[in-house]
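Residue-level structural notes
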Amino acid sequence: MSFNKLVRDKIPEIIEKSGYRPIVRVMDDGEYLTALRNKLDEEVQEYHESGEIEELADVLEVVYALCEAEGHTVDELLSVYTKKHDERGGFKEKIFLIDKE
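Overview of the structure. Residue numbers run consecutively from 1 along every chain, following the written order of its sequence. Residues qualify for local features only when their pLDDT is at least 70, as the model is predicted, and side-chain atom pairs are given and counted only at 80 or more; totals for whole chains, interfaces and linings, by contrast, use all residues. The side-chain figures draw on all heavy atoms in the structure; neither hydrogens nor water molecules are used.

Brief notes about the environment of His 72
What counts, and what does not: Strands here mean DSSP runs of E at least two residues long; helices mean DSSP runs of H or I at least four residues long; both are numbered from the N terminus. Any residue under 20% of the maximum accessible area for its type is buried, any over 50% is exposed, and the rest in between are partly exposed; the area is computed with a 1.4 Å probe on protein chains only. Polar contact criterion, stated in full: a pair of N or O atoms within 3.5 Å, where within protein one must be able to donate a hydrogen and the other to accept it, and residues adjacent in sequence count only if both atoms are side-chain atoms.
Structurally, the position occupied by His 72 is in the loop between α3 (53–69) and α4 (74–88). A relative accessible area of 40% places His 72 in the partly exposed class. A polar side-chain atom of His 72 sits 3.4 Å from a polar atom in the side chain of Glu 76.

And the structure:
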């Protein structure tokens, strides 16, 4: 069985404990960014299909990894989030914009 995708750091260890030998390689930075972007699409799709909170946690894990891979910290991300949230709000009010005149 071939996987050919980015996996979480402990997956090779989990595979070994199940009696198999994982075949892995470490990606370069460019490949890693591409793989993370693909992984984000994969995790969002899985959330769309399942609606499970575990899939949202996976999306968050990939977002944090992308942030760091792009040279930012999670604290920076949260700061930008807070600023944007304070300026533009969130989505709690369920507002659906139809048009503007």
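So, the pattern of salt bridges
When the charged atoms of two side chains with opposite charge come close together, those side chains can pair. What counts here: Within this document, salt bridges are pairs made up of a side-chain nitrogen of Lys or Arg and a carboxyl oxygen of Asp or Glu, the two lying within 4 Å of each other.
Using the criterion set out here, one finds nine salt bridges in the structure. Between Glu 42 and Lys 5 there is a salt bridge, and its shortest N-O distance comes to 3.4 Å. With Glu 42 in helix α2 (residues 29–50) and Lys 5 in the segment before α1 (11–17), the pair connects residues that are 37 residues apart, well separated along the chain. Looking at Glu 42, the relative accessible area reads 24%, which means it is partly exposed. Among the ionic pairs, Lys 39 bridges to Glu 42, the shortest N-O distance being 3.4 Å. Here Lys 39 and its partner Glu 42 are both found in helix α2, three residues apart, which amounts to about one turn of the helix. Ionic contacts of the salt-bridge type, sharing partners, join the residues Lys 5, Lys 39, Glu 42 and Glu 43 into one network.

Without other data, these values stay purely geometric and don't point to any function.
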